[in-house]
Amino acid sequence: MALVDKACVTKCKDSDSNFSEIIELNVGGQVYVTRHTTLTAVPDTLLWNMFSQKTPKDLARDSKGRYFLDRDGFLFRYILDYLRDLNLVLPDYFPEKSRLQREAEFFQLHDLSKHLCPKVCKEDSIGEDISQGDPEEPAFLSSAGGSITSMETLRLAPSIRSANLRSPSLESRRSGYITIGYRGSYTIGRDIQTDAKFRRVARITVCGKTSLAKEVFGDTLNESRDPDRPPERYTSRYYLKFNFLEQAFDKLTEVGFHMVACSSTGTCAFANNDPSEDKVWTSYTEYVFCRE
């Protein structure tokens, strides 16, 4: 990062006293708490001008006195991370790189915006092996074929490059949630030493956005209960043509989903309302998978 001249440093110090050291922000409804020095880390940016060239009374606030910015509250977390140490680490299968680039432009973070831009020329000293075909492809840096000195302010995690090489197309990298549910039953004999009958999975249901469900399960997805569902609508009526949970988990894992939560309920009853008969246990379980 280029050094700031002494006049600029002096100007920043003079205006620091107008703000407290810890600053609360409301960005599009998301609350962030950070240091004043973080917001003014990069000179001549929007945040630097707001918190070094203006006074608190000049800035918009919400009902609780927090400084308000009418921008994307989710993507601001990456803007703030970049300001903290001038590094950027994006998650695998990041679907909103172009929107983040737009936010970087708004906040006048020109270096960040330039390196997020999908069309990067060789003069910018970014390696020739950057993928330029997919505008949403996660960016990564390489020292091959160019000098890395001009990009020391933006270093992406090494895993991003490997994810870039093995990631599926843009359509299959959309973020979202898929919930897998199943209702099962098993019987325990009256004799405690008797082996229980194995679990019976009657049907595996799929809940989520139609386009994501079709992407993951393809021809194994039974749509007979909810035909002609538009791709961007949600459904809870699909189920799978197989009844192996592990097979469903494998398909989700192969396209970048990971489990984030699960819940289960169970009941016990006698098959014929006769205490002498075997007990039948039934359960319903849901597994929530996410791809970011």
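Residues numbered from 1 in each chain as written. Predicted model: local features only at pLDDT ≥ 70, side-chain atom pairs only at ≥ 80, totals over all residues. Heavy atoms only, no water.

Caption draft 1: Structural context of the nonpolar core. Core analysis: the biggest nonpolar cluster contains 30 residues, and Leu 25, Leu 47, Phe 51, Phe 76 and Ile 79 have the highest contact counts within it. If you list the elements that add at least two residues to this core, you get strand 1 (22–27), helix 3 (46–53), strand 3 (67–69), helix 4 (76–85), helix 5 (97–106) and helix 6 (110–116). At 6 residues, the largest contribution of residues to this core is made by helix 4. Excluding residues within four positions of it along the chain, Phe 76 makes contact with Leu 25, Val 27, Tyr 32, Leu 47, Leu 69 and Phe 107. Core analysis: the second largest hydrophobic core is formed by 22 residues, Tyr 182, Phe 217, Leu 240 and Phe 289 among them. (Core = buried A, V, L, I, M, F, W, Y, C linked by side-chain atoms within 4.5 Å. Buried < 20%, exposed > 50% of the residue type's maximum accessible area, 1.4 Å probe, protein only. Helix = DSSP H or I, 4+ residues; strand = E, 2+ residues; numbered from the N terminus. Contact = heavy atoms within 4.5 Å.)

Caption draft 2: The arrangement of the pairing of strand 2 (residues 30–35) in detail. Pairing geometry for strand 1 and strand 2, over 6 bridges, is antiparallel. Among the inter-strand pairings, Leu 25 is bridged to a residue of strand 2, identified as Tyr 32. The hairpin turn running from strand 1 into strand 2, its antiparallel successor, is 2 residues long, and Gly 28 in that turn takes a positive phi close to 55 degrees. (Pairing = 2+ DSSP bridges.)

Caption draft 3: Spotlight on the pattern of salt bridges. One pass over the full model with this rule turns up 11 salt bridges. Between Glu 103 and Arg 71 there is a salt bridge, with the nearest N and O atoms lying 2.9 Å from each other. Taken together, the residues Glu 103 in helix 5 and Arg 71 in the loop between strand 3 and helix 4 connect sequence positions 32 residues apart. On the basis of relative accessibility, which here comes to 22%, the residue Arg 71 falls in the partly exposed class. Within this structure, Asp 72, Glu 96 and Arg 99 form a network of salt bridges that share partners. (Salt bridge = Lys/Arg side-chain N within 4 Å of Asp/Glu carboxyl O.)

Caption draft 4: Spatial organisation of a nonpolar patch on the surface. Taken together, the side chains of Ile 22, Val 31 and Val 33 present a nonpolar region at the surface, about 240 Å² in accessible area. Of note, Val 31 is situated in strand 2. The class for Val 31 is partly exposed, based on a relative accessible area of 41%. (Patch = residues over 30% accessible without salt bridge, like charges linked within 9 Å, V, L, I, M, F, W, Y side chains within 5 Å. Areas by Shrake-Rupley, 256 points an atom, 1.4 Å probe, with all protein chains shown as cover.)

Caption draft 5: Just the sheet that holds strand 2, in detail. What the 3 strands build is an open sheet, ordered 2-1-3; its pairing is mixed. Sheet topology places strand 2 and strand 3 at the edges, where each strand pairs with a single neighbour. For this sheet, the mean inter-axis angle between neighbouring strands, taken without regard to orientation, is 30 degrees. Set on the sheet, helix 4 makes contact with strand 1, strand 2 and strand 3; between it and strand 2 the angle comes to about 5 degrees. (Axes fitted to C-alpha atoms, helices over the stretch in contact; angles between N-to-C directions.)

Caption draft 6: Region of interest: the packing of aromatic side chains. Here the structure, examined in full by the defined rule, presents 10 aromatic pairs. Relative to Phe 107, the ring of Phe 76 has its centre 5.5 Å away and its plane inclined at 55 degrees; by these criteria the two rings are tilted. Here Phe 107 lies in the loop between helix 5 and helix 6 and Phe 76 lies in helix 4, a separation of 31 residues in the sequence. Residue classification places Phe 107 among the buried positions, given a relative accessible area of 1%. A centroid spacing of 5.2 Å and a plane angle of 85 degrees characterise the contact between Phe 106 and Phe 107, whose relative ring orientation is edge-to-face. (Phe/Tyr/Trp six-rings, centres within 6.5 Å; stacked < 30°, edge-to-face > 60°.)

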